[in-house]
Structures are given as structure tokens and as C-alpha cells.
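If you want the building blocks of each chain, they are given just below.
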Amino acid sequence: MTQNIYDDPEFFQGYSQMARSISGLDAAPEWPALKAMLPPMKGLKAVDLGCGYGWFCRWASEHGADSVLGLDVSEKMLEQARKTTSADNIQYARADLEQLDLPAASFDLAYSSLALHYIKDLPGLFAKIHEALKPGSRFVFSIEHPIFMAPRNPGWLIDSEGNKRWPLDSYQREGERVTNWLAEGVIKQHRTIGTLLNTLIGAGFSIRQVNEWGPSDAEVAAQPALAEERERPMMMLVSVQR
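Conventions and cut-offs
- Residues numbered from 1 in each chain as written.
- Predicted model: local features only at pLDDT ≥ 70, side-chain atom pairs only at ≥ 80, totals over all residues.
- Heavy atoms only, no water.
- Helix = DSSP H or I, 4+ residues; strand = E, 2+ residues; numbered from the N terminus.
- Buried < 20%, exposed > 50% of the residue type's maximum accessible area, 1.4 Å probe, protein only.
- Lys, Arg positive; Asp, Glu negative; His and termini not counted.
- Salt bridge = Lys/Arg side-chain N within 4 Å of Asp/Glu carboxyl O.
- Polar contact = N/O pair within 3.5 Å; in protein donor to acceptor, adjacent residues only side chain to side chain.
- UniProt positions renumbered as here; feature names shortened; annotations may be inferred.
- Contact = heavy atoms within 4.5 Å.
- Pairing = 2+ DSSP bridges.
- Axes fitted to C-alpha atoms, helices over the stretch in contact; angles between N-to-C directions.
- Phe/Tyr/Trp six-rings, centres within 6.5 Å; stacked < 30°, edge-to-face > 60°.

- Going by what an unreviewed UniProt entry lists, the protein chain is known as Class I SAM-dependent methyltransferase and is assigned to Pseudomonas mandelii.

This is how it looks when you write it as C-alpha cells:
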């Protein structure tokens, strides 16, 4: 079973204070780039894998999706999602993505935001997603970038002049990474870029777009704190087609 860190009280409290938890998609700097990968929502049946507070589910509904299913392993996340959702074409359900069970050829879009780096059996999950999508459908997701995830002891190295460097090590050593982010003992699964993309291809997907996200000049001007995201990619945004 996926580590259910989001139901840990300390972790959930910290997560609830993050800008993207308070203000939703508009507070996620990568959202414009991720949104540009999505097909038009009108009439689609969509599934959100790791839906969290349900921000994407509500956005998809507001932009014309016929139905949206939000899945998450965290009861606390689902409770918050249900509290803030009124649309009757959105359903939420508890699900472990390591054991995903969806009807075949039943969705036009699968979406996931910053959830897949927690999954150990990623080949199995990608196979299930491929099976659940109709032919020609999209799977669009964000995931922590392998360069960001790889270090055994992640954190900026700052020289005497204040310049930042990211300590890239153990890149080829795939597998578990344990970090203390919002709570101690958060388990993530590091894979190289090649492994991630080849796993998608092996599941039967065609790769449409890969974005090693970084902020634009305008975004840095508006939010100077984003400047450090130009020193190394924190996220990958990927769009594939079934």
C-alpha cells in the first residue's frame, strides 16, 4: 500500500498551510504550463489520480467535463475535497494507486499532480491507466523531477558568494528516497528520466510533450522567490496519448 503520509496530522497541518492548498491551482506556478497540455474539457470523463483537495476536479467540472472522479488514499484530503465541492458531476473515492482498479476504456482523460513519485509499482499503475482510457485519450501529469529527487541528502549548497548549487548524486541508483518534508520519513521513489519515459512507452503510451518546468522571466519578476527554480528543475510535466 502507498504510504499514506497525508493523513499524518503533522504532515497534513503543514500541507494545509501551503499556498497551493489555500489558493488552489492559481497558486501553483507550474499550472499554466500543465493546463496548456490538457485537451478541451467539454464532454470529457476525467479521473484525477491523487486528487488532494479536489482543485483540479472542480476546475475540470467548471470547464465542461461531463464527469470527474477524484481518487486519493488520504481520508483527510477527501474530507476537505468533499467540503469544498458542490458540483453533482464530481465524485470522490478513496483508492490506493498501487492497487488501482478502474473499468476498462471508461475515461477520456487521466490527470495527476505531484503524486506519482510516491508510487513503487509505476509500471503496474501505468498499465492500469492505459487500460482505463479510451483509445486516443490523454494522460497528463506532473511529477518531481529526477534531478530533484535523486540526492540522498537534498538541499541547496550555498557558496561564500551566496550562489546556490543542487547536490546531484546517486542519480543512477533508482529506488527509495526518504526525506523529512513537512514530517519525518516521507518515502518517495526515484527513477531516471529514461526509466520514467520508457515505462510509459512500455505501457503503450505515445509521448506528446515533456516539460522540465522552470519559471519564466515574468513569473520570476512577479515572484522573486521562484528564481531558485532556474538552478535545477523541480518538476517534470508530461503529456502522453493512449
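### Examining the side chain of D96
Working step 1: Within the fold, D96 resides in the loop between β3 (90-94) and β4 (107-113).
Working step 2: Nearest to the buried, unbridged D96 among oppositely charged side chains is R94, at 7.8 Å.
Working step 3: Among the polar contacts listed, one links the side chain of D96 to the backbone nitrogen of E98, at a separation of 3.0 Å.

### Quick word on the UniProt feature "domain: Methyltransferase type" (unreviewed entry) in the protein chain
Working step 1: This chain's UniProt record puts "domain: Methyltransferase type" (unreviewed entry) on residues 47-141.
Working step 2: Each end of residues 47-141 is marked by a C-alpha atom, and these two atoms are 12 Å apart; helix forms 29% of the span and strand 32%.

### Describing the side chain of E144
Working step 1: Looking at where E144 falls in the secondary structure, it is placed in strand β5 (residues 133-144).
Working step 2: At a separation of 2.7 Å, a polar atom in the side chain of E144 contacts the side chain of K188.
Working step 3: Not counting residues up to four positions away in its chain, the partners in contact with E144 are L114, H117, M149, K188, M234 and M235.

### A closer look at the sheet that holds β4
Working step 1: Sheet architecture is open: 7 strands sit in the order β3-β2-β1-β4-β5-β11-β10, paired in mixed fashion. At either end of the open sheet lies a strand with only one pairing partner, and these are β3 and β10 (206-213). The average angle at which neighbouring strand axes cross in this sheet is 15°, direction not considered.
Working step 2: Inspection of the sheet shows strand β2 (residues 67-72) paired to β3 by 5 bridges, in the parallel sense. Directly across from V68, in β3, lies its bridge partner I90.
Working step 3: Sheet strands touched by helix α5 (residues 75-83): β2 and β3. Its angle to β3, the strand with the most contacts, is close to 165°.

### Brief notes about the pattern of salt bridges
Working step 1: According to the stated counting rule, one finds 8 salt bridges in the structure shown.
Working step 2: Residue R94 pairs with E75 through a salt bridge whose shortest N-O separation is 3.7 Å. One end of the pair, R94, is in strand β3; the other, E75, is in helix α5, and 19 residues separate them in sequence.
Working step 3: Accessibility expressed as a relative area gives 44% for R94, which makes it partly exposed.
Working step 4: Here E79 and K83 are joined by a salt bridge, their closest N and O atoms 3.7 Å apart. Highlighted residues: E79 and K83, both in helix α5, separated by 4 residues, approximately one helical turn.
Working step 5: Judged by its relative accessible area of 59%, K83 is exposed.

### Some points on the packing of aromatic side chains
Working step 1: This structure, assessed with the given rule, holds 10 aromatic pairs.
Working step 2: Between the aromatic rings of F56 and Y111, the centroid separation amounts to 3.7 Å while the plane-to-plane angle is 10°, which identifies the pairing as stacked. Of this pair, F56 sits in helix α4 (residues 55-62) while Y111 sits in strand β4, and the two are 55 residues apart along the sequence.
Working step 3: Residue Y111 is classed as buried on the basis of its relative accessible area of 2%.

### Describing unusual backbone geometry
Working step 1: The backbone phi angle of A105 is positive, close to 50°, even though this residue is not glycine.
Working step 2: With respect to the element layout, A105 can be found in the loop between β3 and β4.
Working step 3: For A105, a relative accessible area of 42% gives the class partly exposed.
Working step 4: Unusually for a residue other than glycine, S170 sits at a positive phi of about 60°.
Working step 5: Judged by relative accessible area, S170 falls into the buried class, the value being 18%.

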